[in-house]
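Remarks on the overall topology
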Amino acid sequence: MSIKTKPMTLTINNKPYGPIDVPEGLMMIDFLHEYVYLTGSRLGCGQGICHACVAIVDNPSGTSEEVRTCITGAHFFNGKKVRTVEGHAKVDDQGEVVELSPIQQSFLDHYSFQCGYCTPGFVNAATIFVEKLKREPIERDELEGAISHALENHICRCTGYVRYYEAVRDVVLKTPGLVKEAVK
């Protein structure tokens, strides 16, 4: 018995891949781990519930969205621009991390994890949230609800939510232009 494959081409973390022959039913989490050796996205529940596995898909419109890689076939990503947790930090020519993204640094500063298994999903969700606020700032009194909405689908089995929320709030409040100033 042979496994049917189809070619796939995509961009991950600004690096082009493909065309690569990929089995038709392969989930994206397996493609990331086994074909391009990006293991930062975690296979948590395997049912699309916990969101530890999410990757970011950058749309041509300039918006981005989370896609659960454990329940989404790799071929869904054909022709798309994808970001994983490995793509957020700045790296030098040797591939060494020289600067973390503001979200990653804030998560470290707030010790926003315990076991760290869910952290890649939270990093991606928070990154999308901050990018959205750069396009559409919100009122200060809407911030708490907006953070909750941005992170509500992510499950942390260690219950580290408070620190994740604090870290995101800290980034938002320290980044000029994300929160509208109240009119006096």
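Residues numbered from 1 in each chain as written. Predicted model: local features only at pLDDT ≥ 70, side-chain atom pairs only at ≥ 80, totals over all residues. Heavy atoms only, no water.

An unreviewed UniProt entry annotates the chain as Aerobic carbon monoxide dehydrogenase, small subunit of Buttiauxella noackiae ATCC 51607.

**As for the overall build of the chain**
The number of helices and strands found in the chain is 5 helices and 9 strands. If you list the helices and strands of the chain from N to C, you get β-β-α-β-β-β-β-β-α-α-β-α-α-β. Computed over its C-alpha atoms, the radius of gyration of the chain comes to 17 Å, within 12% of the 16 Å expected for a compact globule of 184 residues. Oriented by its inertia axes, the alpha-carbon framework of the chain measures out at about 70 × 35 × 30 Å. Of all 184 residues assigned to the chain, the portion counted as buried reaches 42%. Contacts in the chain between residues far apart in sequence, at least 24 positions, make up 58% of those at least 6 positions apart. Element-wise, carbon and sulfur atoms account for 51% of the exposed surface of the chain, whose accessible area totals about 10,400 Å². Each charge class in the chain can be summarised by its mean position, and for the 19 positive and 23 negative side chains these summaries are 2 Å apart. (Helix = DSSP H or I, 4+ residues; strand = E, 2+ residues; numbered from the N terminus. Rg over C-alpha atoms; globule rule 2.2 N^0.38 Å. Buried < 20%, exposed > 50% of the residue type's maximum accessible area, 1.4 Å probe, protein only. Contact = heavy atoms within 4.5 Å. Areas by Shrake-Rupley, 256 points an atom, 1.4 Å probe, with all protein chains shown as cover. Lys, Arg positive; Asp, Glu negative; His and termini not counted. Charge placed at Lys NZ, Arg CZ, Asp CG, Glu CD.)

**Points about the nonpolar core**
Counting residues in each nonpolar core, the largest one holds 27 residues, and the members touching the most others are Phe 107, Phe 129, Tyr 164, Val 168 and Val 172. When residues of this core are traced back to their parent elements, those giving at least two are helix H2 (102–109), helix H3 (119–135), helix H4 (143–151) and helix H5 (161–174). Sorting elements by how many residues they give to this core places H3 first, with 7 residues. Those residues in contact with Val 172 that sit more than four places away from it in its chain are Phe 129, Val 130, Leu 133, Leu 143, Leu 178 and Val 179. Residues Ile 12, Val 57, Ala 74 and Phe 77 belong to the second largest nonpolar core, which totals 17 residues. (Core = buried A, V, L, I, M, F, W, Y, C linked by side-chain atoms within 4.5 Å.)

**Section: the domain arrangement of the chain**
The domains assigned to the chain are domain 1 (5–87) and domain 2 (90–179). On a C-alpha basis, the centroid separation for the pair domain 1 and domain 2 is 21 Å. Each side of the interface is counted separately: domain 1 has 20 residues, and domain 2 has 16 residues. Taken together, the two surfaces of domain 1 and domain 2 that pack against each other cover about 1,400 Å², and 56% of this comes from carbon and sulfur. (Domains from an automatic or database assignment. Buried area = accessible area lost by both parts, 1.4 Å probe.)

**A look at the packing of H4 against H5**
Axis separation between H4 and H5 bottoms out at 10 Å; the angle between their running directions is 125 degrees. Comparing their axes, H5 and H4 come out oblique. Once H4 is placed against H5, the crossing between them reads as right-handed. Contact with H4, carried on its side by Leu 143, Glu 144, Ile 147, Ser 148 and Leu 151, involves Tyr 165, Val 168, Arg 169, Val 172 and Leu 173 of H5 and no other residues of that element. For the contact of H4 with H5, the class distribution of residues is 7 nonpolar, 1 polar and 2 charged. (Axes fitted to C-alpha atoms, helices over the stretch in contact; angles between N-to-C directions. Parallel < 35°, antiparallel > 145°, perpendicular 65-115°, else oblique. Left-handed = near helix turned anticlockwise from the far one by under 90°. Nonpolar A, V, L, I, M, F, W, Y, C, P; charged D, E, K, R; others polar.)

**A word on the pattern of salt bridges**
Once their charged atoms are close, side chains differing in charge can pair, the charge on each being opposite to the other. Applying the stated criterion across every chain, the model contains 6 salt bridges. Note that Glu 144 and Arg 169 form a salt bridge whose closest N and O atoms lie 2.7 Å from each other. Taken as a pair, Glu 144 in helix H4 and Arg 169 in helix H5 lie far apart in primary sequence, 25 residues in all. Owing to a relative accessible area of 34%, Glu 144 belongs among the partly exposed residues under this scheme. (Salt bridge = Lys/Arg side-chain N within 4 Å of Asp/Glu carboxyl O.)

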